[in-house]
Amino acid sequence: MLASWLAGMVALPLALFVAACGQGVGALLGKAGWIGLSVPWDRQAWALVNQPVLNFASLPAASGYWLGSWIAPIAVAALAIPLSLRLQSLVSQLFVVQWAWTAAVIGAAWQPALDSNLSHLARWLQFRGLPAELRYLSSVLVAAVAVPIVLRLIAIARINRYHLRRSRRLLLVAIHLLPIPLAWAAASTAIRGELRLEAGIVAGVPLLVALTVAWIGYPAPLTHAMTTVTGRAFALLMAILLLGWAGVWFAGRPLPDDRAAAVQWGRETSSNNIRPWMEPLLAPWLTPTAGPDDS
């Protein structure tokens, strides 16, 4: 259980960065310039971008820019489970489960619903002239993606305990998959100082589906040999944990006056998308060096 929670804590910052990088890659595909990112703890993740034209956001070429932060976590959540079937260690299997889970629930459900009508998904629907209510369908897709994640967790548990009653399956899913999203939602709500009702509803759907799958699902146990949790695996998880949360601190921690940190590695132009609430930490090569005659 401790290894699973540790893997979840490692997976959370990765899910946030996947969302921001998804938007950045989508912007590049639209011929924009990717110059930084922000992963605020109480807002949606953003890629800092130099837009090629002032009306870039409303153009069809900007679809990747608006949808990348949603598509990337969905892709991770959908592909991680089938691509990881043959992993030989328990820690790696648990990490994949937690990464897929946090990418789905936090990256693709909770985050896009934080800013309601101003979210990336909502803005894309607005520019395409589509009903804003379609954004709620994201919870349905996330719920569908969550099903194989829950089944994999149960299959792992059945390696050592072949017979799992419903009560044990429910407890298993509740203990392993619910704490990280619920803790992050509580922290985000506390930082913002307001109830995140829409985000809670959208992210709550896959949580309810996960418990439902635990109630009715009974997959076969994984059959290949798997190594147990070792001290080396714990040390590796701790190292990645420190690096990941250091990145989240520098690129998203809350700042006074309802602002948030960001990281910027490229020079912005007049058509950048840097929000007023962002306070970018500039890369060393962007910071002017004082000359000998400067005071």
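So, here is what we can say about the structure in this document. What you see is a predicted model; the values in this text were computed from it and never measured.

**Thoughts on a nonpolar patch on the surface**
(1) Moving on: On the surface, a nonpolar cluster with roughly 340 Å² of combined accessible area is contributed by Leu130, Leu134, Leu137 and Val140.
(2) Moving on: Tracing the sequence through the fold places Leu137 in helix α5 (residues 137–157).
(3) Moving on: Look at Leu137 and you get exposed, because its relative accessible area is 51%.

**Some thoughts on the packing of helix α2 (residues 63–83) against α5**
Any two packed helices are characterised by how steeply their axes cross, that is the angle between the axes, and by the distance between the axes.
(1) Moving on: At a minimum axis distance of 9 Å, the contact between α2 and α5 shows a crossing angle of 25 degrees. As judged from the angle between their axes, α2 and α5 are roughly parallel. For the pair α2 and α5, the crossing hand works out as left-handed. Of α5, the residues touching α2 (which contributes Trp70, Ile74, Ala77, Ala78 and Ile81) are Ser138, Leu141, Val142, Val145, Pro148, Ile149 and Arg152.
(2) Moving on: Here the residues of the contact of α2 with α5 are counted per class, giving ten nonpolar, one polar and one charged.

**Considering the nonpolar core**
(1) Moving on: Among the nonpolar cores identified, the biggest contains 61 residues, and Trp101, Trp110, Ile149 and Leu177 are the most heavily contacted of them.
(2) Moving on: Sorting elements by how many residues they give to this core places helix α3 (residues 90–110) first, with twelve residues.
(3) Moving on: Counting 20 residues, the second largest nonpolar core, distinct from the first, contains Ile35, Val49, Trp124 and Ala260.

**Section: empty space enclosed by the protein**
(1) Moving on: Summed over all chains, the structure comprises one cavity of 30 Å³ or more.
(2) Moving on: Counted as a void, the largest cavity has a volume near 50 Å³.
(3) Moving on: Ala109, Pro112, Ala113, Ser119, Leu121, Arg135, Ser138, Glu198 and Val202 are the residues that line the largest cavity.
(4) Moving on: A per-class count over the lining of the largest cavity returns five nonpolar, two polar and two charged.

Parameters at a glance
- Residues numbered from 1 in each chain as written.
- Predicted model: local features only at pLDDT ≥ 70, side-chain atom pairs only at ≥ 80, totals over all residues.
- Heavy atoms only, no water.
- Patch = residues over 30% accessible without salt bridge, like charges linked within 9 Å, V, L, I, M, F, W, Y side chains within 5 Å.
- Areas by Shrake-Rupley, 256 points an atom, 1.4 Å probe, with all protein chains shown as cover.
- Salt bridge = Lys/Arg side-chain N within 4 Å of Asp/Glu carboxyl O.
- Helix = DSSP H or I, 4+ residues; strand = E, 2+ residues; numbered from the N terminus.
- Buried < 20%, exposed > 50% of the residue type's maximum accessible area, 1.4 Å probe, protein only.
- Axes fitted to C-alpha atoms, helices over the stretch in contact; angles between N-to-C directions.
- Parallel < 35°, antiparallel > 145°, perpendicular 65-115°, else oblique.
- Left-handed = near helix turned anticlockwise from the far one by under 90°.
- Contact = heavy atoms within 4.5 Å.
- Nonpolar A, V, L, I, M, F, W, Y, C, P; charged D, E, K, R; others polar.
- Core = buried A, V, L, I, M, F, W, Y, C linked by side-chain atoms within 4.5 Å.
- 1 Å grid on protein atoms, 1.4 Å probe; cavity = no way out; pocket = protein on both sides within 12 Å on 5 of 7 lines; lining within 4 Å.
- Points joined across faces, edges and corners; volume = space filled by probe spheres on them.

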